[in-house]
Amino acid sequence: MKKTFLLIALLTAGILSTSCGNRSQKASDDISAMADTSRNALDWEGTYYGILPCADCEGIETMITILYKETYVIKTKYLGKDEQVFESKGSFSWNELGNIITLEEYPGQEGGQKYLVGENQLFQLDQDGQRITGELAENYRLPKVTSEVLEETLKRFE
């Protein structure tokens, strides 16, 4: 009788330790799946505006609208050169970490243009997908346009 009781106790302990281990692993997987990323934690849909540096003009006036259906519209104007507005539309994709978008079908940029998505701002990345550093780094930031100034910003590109 003691041997039967001991055998049942050992089997129960083994089953419990196995099931707890699986539960612990599942909980760990769930936590990492719920980790905050720009994609799931920020209100990134909207319009972003700024003047990006330009090698042969005063700057590139840029307005990007990104939508939850993973599409974008970008309008640019080369200041001091021409008043023509260039417009491009397409889809974008997120990187695996959920913090960088790539504007696909971006004119003149093989592989698309990449932006780091921050809290109410986009940071244009270099061709290798890295943050631009140095003196002009802050000039590669496009702040999100508030609804109060959106209409005024849109008029700049008519």
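A quick note: this is a predicted structure, and the numbers were derived from the prediction, not measured.

A few words now on the overall build of the protein chain. Broken down by element type, the protein chain carries 3 helices and 8 strands. Reading the protein chain from its N end, one meets helices and strands in the order α-α-β-β-β-β-β-β-β-β-α. For the protein chain, long-range pairs separated by at least 24 residues make up 34% of all intrachain contacts whose partners lie at least 6 apart in sequence. Per element, the accessible surface of the protein chain, about 10600 Å² overall, is 54% carbon and sulfur.

Looking now at the confidence of the model for the protein chain. Of all residues in the protein chain, 77% have pLDDT values of 70 or greater, and the mean over the chain is 82. Looking at the elements of the protein chain, mean pLDDT is at its lowest for helix α1 (residues 2–33), recorded as 48, and at its highest for strand β8 (residues 141–143), recorded as 97. Confidence drops under pLDDT 50 across residues 21–32; counting only partners more than four residues distant or on other chains, this segment forms 0 contacts.

Counting 19 residues, the largest nonpolar core has Ile64, Ile66, Phe92, Ile101, Leu103, Tyr115 and Leu122 as the members making the most contacts within it. Breaking this core down by element, the ones donating at least two residues are β1 (46–52), β2 (59–67), β3 (71–79), β4 (85–94), β5 (100–103) and β6 (113–118). At 3 residues, β2 tops the list of elements feeding residues into this core. Among residues more than four places away in sequence, those in contact with Ile66 are Trp44, Glu45, Gly46, Tyr48, Thr71, Tyr72, Phe92, Ile101 and Leu122.

Criteria and cut-off values
Residues numbered from 1 in each chain as written. Predicted model: local features only at pLDDT ≥ 70, side-chain atom pairs only at ≥ 80, totals over all residues. Heavy atoms only, no water. Helix = DSSP H or I, 4+ residues; strand = E, 2+ residues; numbered from the N terminus. Contact = heavy atoms within 4.5 Å. Areas by Shrake-Rupley, 256 points an atom, 1.4 Å probe, with all protein chains shown as cover. pLDDT = per-residue confidence, 0-100. Core = buried A, V, L, I, M, F, W, Y, C linked by side-chain atoms within 4.5 Å. Buried < 20%, exposed > 50% of the residue type's maximum accessible area, 1.4 Å probe, protein only.

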